[in-house]
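Letter by letter, the chains look like this.
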Amino acid sequence: MTALADDIHQLRIRWARRKDITAVAAMSKAFRAELNEDTVGLTEAALRRDGFGLKTEFDLLVAEVAGEIAGYALFLESYEPSYSERGLYLADLYVRPEFRGGGVGRTLVTCVAAEGKRRQRSFVWWVALATNRPAHAFYEHIGARAVPVTGHAAFGEMFDALASAAPKIERR
C-alpha cells in the first residue's frame, strides 16, 4: 500500500488507543534501526506504563491511511525560559517508509501544532540527529526553522553519578 494517490484521501489522525501499542512499538523499533541507534525505542511495556498508565508522560497521535497505521507523533508539554513561553516538544515523529511523501508526516506535525494552540501553547520544537538528512529536508520543506544548538544528555552510569553527587534538596 502507498500513501500516495487515492489512499492519502483516507488519511485520519486520531489519539492512540491501547490497541495501537504493538504497532507503535514496532514503528519505534524500525525508527531506531533506520537511525542506526542501539536503543530499543518505545517498548510495549513502556507505552502501556507511560502512555496509558495512571500518570501519562506523553501524548500520542497515530495516522491511519485506509485503516492502516501509517505513523505516529509522540509529544509532551515543554517550557522555554528564554522566551517565557509554554510549548510542546515533539519527541518522536515517524512515518512508515511506504507512506512517506504523501503528507502523513506533515499532517501529524500540523495536528501537534493545533493541539498546542488548543492548549494555549506558543511553539512546537523538536530535534533530529545531525546525520538524519532526510528529516532535515522534510522539516525545511514544511517551513520549520533550524536552530543551531548542541544537545547534551546524561543517562546510564553518568546519570547515576550526577544524581548521587547532589546534595539533599530542601522541599517546599
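Residues numbered from 1 in each chain as written. Predicted model: local features only at pLDDT ≥ 70, side-chain atom pairs only at ≥ 80, totals over all residues. Heavy atoms only, no water.

Quick word on the sheet that holds strand β2 (residues 59-65)
Point 1. Pairing is mixed in the open sheet, where 5 strands are placed in the order β1-β2-β3-β4-β5. Two strands close off the open sheet at either side, each with one partner strand: β1 (11-15) and β5 (124-125).
Point 2. As paired elements, β1 and β2 share 5 bridges and run antiparallel to each other. Bridging across to β2, I13 finds its partner in A63. (Pairing = 2+ DSSP bridges. Helix = DSSP H or I, 4+ residues; strand = E, 2+ residues; numbered from the N terminus.)

Some thoughts on the packing of helix α1 (residues 21-34) against helix α2 (residues 44-51)
Point 1. Viewed as axis vectors pointing N to C, α1 and α2 meet at an angle of 120°, and their least axial separation amounts to 9 Å. Between α1 and α2, the interaxial angle falls into the category oblique. Between α1 and α2 lies a crossing whose hand is right-handed. Only E44, L47 and R48 of α2 make contact with α1, whose side of the interface consists of I21, T22, V24 and A25.
Point 2. Here the contact of α1 with α2 is built from residues that sort into 4 nonpolar, 1 polar and 2 charged. (Axes fitted to C-alpha atoms, helices over the stretch in contact; angles between N-to-C directions. Parallel < 35°, antiparallel > 145°, perpendicular 65-115°, else oblique. Left-handed = near helix turned anticlockwise from the far one by under 90°. Contact = heavy atoms within 4.5 Å. Nonpolar A, V, L, I, M, F, W, Y, C, P; charged D, E, K, R; others polar.)

Section: the side chain of R119
Point 1. Structurally, R119 can be placed in the loop between α3 (104-118) and β5.
Point 2. Ignoring anything within four residues of it in the chain, the contact list for R119 reads W15, D59, F75, E77, R86 and L88.

Re α2
Point 1. All of the buried residues along α2 are A46, L47, D50 and G51. Along the long axis of α2, the arc covered by the buried residues comes to 100°, so they all point the same way. (Buried < 20%, exposed > 50% of the residue type's maximum accessible area, 1.4 Å probe, protein only. Arc of directions from axis to C-beta.)

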